[in-house]
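A closer look at the structure
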Amino acid sequence: MACARVASRSRRLLRPVVGAPPPRTSPPPPLVGPAASSSSPLLRRLLRLWSPAAASLPSTVRILLGDAHGAGDGRRWLGSEASAAPEPAAELVEVPLAQTGEGIAECELLRWFVSEGDQVDEFQPLCEVQSDKATIEITSRFKGKVHQILFGPGDIVKVGETLLNMIVGDSQVVSHDKIALQPDKPLGVDPIHPSSETSCPSGTLSTPAVRHLAKQYGLNMNEIQGTGQDGRVLKEDVLNYAVSRGLCKESASVLEENTEHVELTQEGKSVLDIHCYEDKKISLRGYQRSMVKSMSLAAKVPHFHYLEEINCDALVKLKASFQNENKDHNIKHTFLPFLIKSLSMALSKYPLMNSSFIEETTEVVLKGSHNIGVAMATAHGLVVPNVKTVQSLSILEITKELARLHEMASHNRLSSADIAGGTITLSNIGTIGGKFGSPLLNLPEVAIIALGRIQKLPRFDDDGNITIGADHRVVDGATVARFCNEWKSLVEKPELLLLHMR
C-alpha cells in the first residue's frame, strides 16, 4: 500500500549516521486536533522513528504533518520543505536598439546616462541616440543593474544590436551559466567590435570614451600599454601613444587639454589639429547623413526656379510696431512669422503648392494641413522642423513655436514629430547673408522657397528677394507665378491678412 511505501522510505532517510555524535534535539511538537486522538498504527510507527539523528538531516527532509487527501480517514502524510518556491535567480538581459522610426536602420550613439554598475529603474533613460531624422532617448524596460556597456559615444549602432547587458532579478548575482552567454567578454572589460579597425582583445580594459579617442587617431587599442588599475588603458595612454607614433607633435599633457578639439568633429567645427596637416576622413552622421540622402534624391527631380522681388516697407513698420509694444521679454518679433502666416493664406488659394508627389502611382496628395518647414543651420547640421497647422495659428503662436523649435534644434533635441510631416519649406538664407538662392526640394514636397536679405535698394525701399523652387513634374510656371503674386500682395499689404484670418 501507499502508506507502507511512505513509511519505509522515511525509515531509510532517517537512519542514524554511524559514528556521528548525537546532537541535542528537542522532542517533536505535540499534535493537536484530530491527529492527537488518532490511533493509526502508521502514525505511531513514524513517531517512534524520531531520533536525535533526525535533527542532523537537512531541512529539506524534515518531517511535516499535513491533511490527508485520501479516503477521508483522518490519516496524516509526510511532506517536505523542498516544495517551497525557490528564490528567483538573477538573469542577464540584453537591451537592444529598438526601431526608432520608419525606415531607420541605424543610429549614432550620442551619450550615456548610466555607467556600468549603476542601478536602473523601469523607464529610466539609458542613453541618447540620433537617427537621420531626430534625437531619441532610449529608456529601460527592466529594473536591474547595468552589467556591461557595449558601445561608446560616436559609435554607429544598427537596429537590433545590443546596446548593453543588464542584470535583472532580486539577487543581482548572475550564475556562471548565464555569463557564459558571452565567453569572450569577461567582467569589467569593455566590449569589442570585431569589425572595427581599432578593436581591442577581450583582455584590454578601457572605457568607451577612451576607445572613441583612439578611434579618432586611428589607433589599435591592442598596441597601447595601459597604466591604469589592472592594466586599464587611460586617456593619457592613448595620447602618449599618438605622440610616439608621430600622429601629433604635442606632449600628452598639452594634448589632454585640447582633447575637446578632437571631440568637436561631430559638432560642425574644424576637424583638423592645428599642428597636423595630414588628410583625415570623417563619417557624416545624423542630420548630415540625412542631407546626403535627401539631396541625392532631389537632384534626380526636374526643378525650375522663379525669382521675385517684394517691397517690405509695410512689413518692416509692422514688425517694429509689434516689437515696441512687446511687454514679454521672452518673445522676440521677427519677419519670419508674418511670412509664414501670409504664405499659409496663399496656400489656401493654391493648394497644389501644398502637396506631395507619389512617384510609384503617379498621384498627387493635396495636404489638408499647412505644416510649413523652416530650414535651420545648427552645429549638428541642417535640419528642417515644421510648424504644424499654420492655418489655425495666430502670428503670436507661430512666433512662440518657432522659438521652441529653434531652441530644441540648437541643443539637438528635436523629436521625430517636430521634423516629420512637412508640406512646404522656407529657407531663410537672408539671416546669414546672400540675396538669391536656388534651393533644392525637400522631397516629397513639391515646392521650396528661399528668402533673401531684406535691404534698401536705390529705389529707397526695403525690398526682399524670394526664390521659389518647384517640382516641374507637378507644378508649372504659371501656377508658381500666380501663387507668388498672391503671397506678395499679402506681404506688401499686411492689413489684408485681417480679411482672411479666422
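Residues numbered from 1 in each chain as written. Predicted model: local features only at pLDDT ≥ 70, side-chain atom pairs only at ≥ 80, totals over all residues. Heavy atoms only, no water.

Our working definition: UniProt positions are given in the numbering used here, feature names are shortened, and annotations may be inferred rather than shown by experiment.
For the protein chain, the name recorded in an unreviewed UniProt entry is Dihydrolipoamide acetyltransferase component of pyruvate dehydrogenase complex, with Eleusine coracana subsp. coracana as its organism. Turning to the protein chain, the UniProt record has this under Sequence similarities (unreviewed entry): "Belongs to the 2-oxoacid dehydrogenase family."

**Overview of the packing of aromatic side chains**
For clarity, the threshold we go by: A pair of aromatic rings is counted whenever rings of Phe, Tyr or Trp (Trp by its six-membered ring) have centres within 6.5 Å, and the orientation is called stacked for planes under 30 degrees apart, edge-to-face for over 60 and tilted otherwise. Runs of H or I in DSSP of at least four residues are treated as helices and runs of E of at least two as strands, each being numbered from the N terminus. Relative accessible area decides the class of each residue, using a 1.4 Å probe on protein chains only: under 20% of the type maximum gives buried, over 50% gives exposed, and in between gives partly exposed. Two conditions define a charge located above a ring, namely a distance within 6 Å from the ring centre to NZ of Lys or CZ of Arg, and an angle within 35 degrees of the ring normal.
Summed over the entire model, instances satisfying the criterion amount to two aromatic pairs. Measuring from centroid to centroid gives 5.5 Å for Phe-322 and Phe-338, while their planes differ by 45°, and the two rings are tilted. One end of the pair, Phe-322, is in helix 9 (residues 313-324); the other, Phe-338, is in helix 10 (residues 335-349), with 16 residues separating them in the sequence. What makes Phe-338 buried here is its relative accessible area of 4%. Taking 6.5 Å as the distance between ring centres and 80° as the angle between the ring planes, the aromatic pair formed by Tyr-350 and Phe-483 counts as edge-to-face. Of this pair, Tyr-350 sits in the loop between helix 10 and strand 12 (355-358) while Phe-483 sits in helix 13 (residues 477-492), placing them 133 residues apart in sequence. Stacked on the ring of Phe-335, the Lys or Arg Lys-319 has its end atom at 5.2 Å from the ring centre.

**As for the pattern of salt bridges**
Opposite charge on two side chains makes pairing possible when the charged atoms of those side chains draw close. As a reminder of what qualifies: Salt bridge criterion: a side-chain nitrogen from Lys or Arg within 4 Å of a carboxyl oxygen from Asp or Glu.
Within the structure shown, the criterion is met by 10 salt bridges. Of the charged contacts in the structure, one is a salt bridge between Arg-404 and Glu-401, with a shortest N-O distance of 2.8 Å. Here the residue Arg-404 and the residue Glu-401 both occupy positions in helix 11 (residues 395-410), the gap between them amounting to three residues, near one helical turn. Taking relative accessible area as the criterion, Arg-404 reaches 33% and is therefore assigned partly exposed. Given the relative accessible area of 22%, Glu-401 is considered partly exposed. The shortest N-O distance in the salt bridge between Arg-404 and Asp-418 comes to 2.9 Å. One end of the pair, Arg-404, is in helix 11; the other, Asp-418, is in helix 12 (residues 416-419), with 14 residues separating them in the sequence. Accessibility expressed as a relative area gives 10% for Asp-418, which makes it buried. Taken together, the shared-partner salt bridges in this structure form one network comprising Glu-106, Lys-158 and Arg-289.

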